[in-house]
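For reference, the chains in residue letters:
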Amino acid sequence: MKRIKGAEEGSNGSPSKSPPEARKKVRKQLSDDPEAVAGSDWVRLPQELLLHIFQYLPLLDRAFASQVCRRWNQAFHMPELWRCFEFELNQPASSYLKATHPDLIKQIIKRHSNHLQYVSFKVDSSTESAEAACDILSQLVNCSLKTLGLISTARPSFMEVPKSHFISALTVVFVNSKSLSSLKIDDTPVDDPSLKVLVANNSDTLKLLKMSSCPHVSPAGILCVADQCHGLRELALNYHLLSDELLLALSSEKHVHLEHLRIDVVSETPGQHFHTIKKSSWDAMVRHSPKFNLVMYFFLYENEFGPFFNEETPVTHLYFGRSVSKDVLGRVGLHCPRLVELVVCANGLRPLDEELIRIAKHCTQLSAIGLGECEVSCSAFVEFVKMCGQRLSQLSIMEEVLIPDHKYSLDEIHWEVSKHLGRVWFPDMMPTW
């Protein structure tokens, strides 16, 4: 930007003004002198280009840029720049994460709440941060959100907020947003009545709903959503909300093809009972949405797997977060023909040779596998890779998983595996999943 002659130096060449006063004088002359403004290429940038540049700037840099001139300040407040925003709410005493400045939050609510469309809240584990998020939600009475995400970086966060306060804040968004398409409210006290409000106002537009670990929601509550929101394409919930009725509702002729169904199977107490889903319900789901991904995360104790994998299950991505028995993995190999990805974090000290070969034989779409605290003989592992071939795009095996035998040592196995994969492969030193 051009310097204005005499703005920073007096007639004798020494500074005549203090820096703040000099800057004020420069700004005044820029605003008063059309020729000076015209001579600045930056000032003459087209509004569309200026907006494009501002979109790439971090919020703090954008705020600094807004102080350059009146035109850049106007650009800072353009509605297009405030459609997407993430509120970061943390307590400085207990969190190292950055937080959105309270003054900026006030300015957004005052000047830009009606521009917000894609909003998320990232809060730490403190109740104060979660309550602050609810306070902001309660004030968004003039906006119509398209997406909303409530993200807790650690528990308990939203679960410690008084339920009435949380529901009241969420209802404000549900009532005022007539075109909500994506809602992520995992680990929150949302309940059945609030879901009915969501459906009453956004049934035609809702496409994604993630609500794992929401203890106040019943199977009837999620069934209400599936019955009314026929455009729902992605759904994530806990296993206790999954039912035959829900799968049949998602498979009805009125409903669009589901793309992703994520189920978290979590045991809160050892020996917990889990219900069984009928094979006919899964079959109806596959007939209606033949390409849908069924993602299942298991965090169970070994004696709790009784209801699972006894019949054909259309799971595509399967993750075992706790130790899983050889028997269960054997059932997976027999009854999960759609399996694409398998991760086993722990198994024990009994080799999984037979189970791995069975999975390679029957799970013909398997392209990714990860093994942690397990044991597999080098010969069986090579045979598994040979059967799967180059469709194994991801092979993450901890080095201690592989047990040398009469055919292969640890030094030899990576060459043999690399030959069958068609690329260089080495065992992992650290888990990558």
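These numbers come from a predicted model, not from an experiment.

Draft legend 1. Expanded view of the overall build of the protein chain. Scanning the protein chain from terminus to terminus reveals 16 helices and 14 strands. Counting all 433 residues of the protein chain, 47% fall into the buried class. When the accessible surface of the protein chain is totalled, it reaches about 21,800 Å², and 53% of it is carbon and sulfur.

Draft legend 2. A look at the packing of helix H14 (residues 353-362) against helix H15 (residues 378-388). As a packed pair, H14 and H15 sit with axes 9 Å apart at the nearest point and diverge in direction by 5°. Here H14 is positioned roughly parallel relative to H15, judged by the angle of their axes. Contacts between H14 and H15 involve Asp-353, Leu-356, Ile-357, Ala-360 and Lys-361 on the former and, on the latter, Ala-380, Phe-381, Glu-383, Phe-384, Met-387 and Cys-388.

Draft legend 3. Quick peek at the side chain of Arg-338. In this structure, Arg-338 sits in the loop between helix H13 (326-335) and strand E10 (341-346). One buried charged side chain, Arg-338, makes no salt bridge at all; its nearest oppositely charged neighbour is Glu-312, positioned 7.5 Å away. A distance of 2.7 Å separates the side chain of Arg-338 from the backbone oxygen of Phe-292, its partner in a polar contact. Leave out the neighbours within four places in its chain, and Arg-338 touches Pro-290, Lys-291, Phe-292, Pro-314, Val-315, Thr-316 and Gln-365.

Draft legend 4. Representation of unusual backbone geometry. Even without being glycine, Asp-187 reaches a positive phi, approximately 55°. Within the secondary structure, Asp-187 is located in the loop between strand E4 (182-184) and helix H9 (192-202). At Phe-309, a residue that is not glycine, the phi angle is positive and equals roughly 65°. Tracing the backbone shows Phe-309 in the loop between strand E8 (293-299) and strand E9 (317-323).

Draft legend 5. Layout of the environment of Asp-204. Position of Asp-204 among the secondary structure elements: in the loop between H9 and strand E5 (208-210). Among the residues examined, Asp-204 registers a relative accessible area of 77% and is labelled exposed. On a C-alpha basis, the gap between Asp-204 and Leu-180 in space is 8.9 Å, while along the polypeptide they are 24 residues apart.

Draft legend 6. Seen up close, the nonpolar core. If you look at the biggest cluster of nonpolar residues, it comprises 121 residues, and the most contacted ones within it are Leu-148, Phe-320, Phe-381, Phe-384 and Leu-395. Broken down by element, the residue count for this core peaks at 7 residues, all from H15. What Phe-384 contacts, discounting residues up to four positions off in sequence, is Leu-356, Ile-357, Ala-360, Leu-366, Ile-369, Leu-392 and Leu-395.

Draft legend 7. Spotlight on the packing of H13 against H14. Put simply, H13 and H14 touch, their axes get as near as 8 Å, and they point 15° apart. Of the possible angle classes, the one that applies to H13 and H14 is roughly parallel. The two elements H13 and H14 cross, and the hand of that crossing is left-handed. On the side of H13, the interface is formed by Lys-326, Leu-329, Gly-330, Gly-333 and Leu-334, while H14 contributes Glu-355, Arg-358, Ile-359 and His-362.

Draft legend 8. Spatial organisation of helix H6 (residues 102-112). Listed as buried for H6 are Leu-104, Ile-105, Ile-108, Ile-109 and His-112. The buried residues of H6 occupy one face: seen down the axis, they fall within an arc of 135°. In H6, the exposed residues that point more than 90 degrees away from the buried face are Asp-103, Lys-106 and Lys-110. Buried residues belonging to H6 abut helix H4 (59-65), strand E1 (84-89) and helix H7 (127-138).

Draft legend 9. A look at the pattern of salt bridges. Under the criterion given, the structure shown has 9 salt bridges. One salt bridge in this structure joins Glu-383 and Lys-386, with 4.0 Å as the shortest N-O distance. In this pair, Glu-383 and Lys-386 are both assigned in helix H15, 3 residues apart and thus about one turn of the helix distant. With relative accessibility at 34%, the residue Glu-383 sits in the partly exposed group.

Draft legend 10. Quick look at the packing of aromatic side chains. What the rule picks out here adds up to 19 aromatic pairs. A ring pair is formed by Phe-54 and Trp-72, whose centres lie 6.1 Å apart and whose planes are at 90°; its orientation type is edge-to-face. Here Trp-72 lies in helix H5 (residues 70-76) and Phe-54 lies in helix H3 (residues 47-56), a separation of 18 residues in the sequence. A relative accessible area of 2% places Phe-54 in the buried class. On the basis of an interplanar angle of 15° and a centroid distance of 4.9 Å, the ring pair of Phe-87 and Phe-121 is categorised as stacked. Highlighted residues: Phe-87 in strand E1 and Phe-121 in strand E2 (residues 118-123), separated in sequence by 34 residues. For Phe-87, a relative accessible area of 0% translates into the label buried. Residue classification places Phe-121 among the buried residues on the basis of a relative accessible area of 0%. Among the aromatic residues, those joined into a ring-pair cluster are Tyr-239, Phe-274, Phe-298, Phe-305, Phe-308, Phe-309 and Phe-320.

Criteria and cut-off values
Residues numbered from 1 in each chain as written. Predicted model: local features only at pLDDT ≥ 70, side-chain atom pairs only at ≥ 80, totals over all residues. Heavy atoms only, no water. Helix = DSSP H or I, 4+ residues; strand = E, 2+ residues; numbered from the N terminus. Buried < 20%, exposed > 50% of the residue type's maximum accessible area, 1.4 Å probe, protein only. Areas by Shrake-Rupley, 256 points an atom, 1.4 Å probe, with all protein chains shown as cover. Axes fitted to C-alpha atoms, helices over the stretch in contact; angles between N-to-C directions. Parallel < 35°, antiparallel > 145°, perpendicular 65-115°, else oblique. Contact = heavy atoms within 4.5 Å. Lys, Arg positive; Asp, Glu negative; His and termini not counted. Salt bridge = Lys/Arg side-chain N within 4 Å of Asp/Glu carboxyl O. Polar contact = N/O pair within 3.5 Å; in protein donor to acceptor, adjacent residues only side chain to side chain. Core = buried A, V, L, I, M, F, W, Y, C linked by side-chain atoms within 4.5 Å. Left-handed = near helix turned anticlockwise from the far one by under 90°. Arc of directions from axis to C-beta. Phe/Tyr/Trp six-rings, centres within 6.5 Å; stacked < 30°, edge-to-face > 60°.

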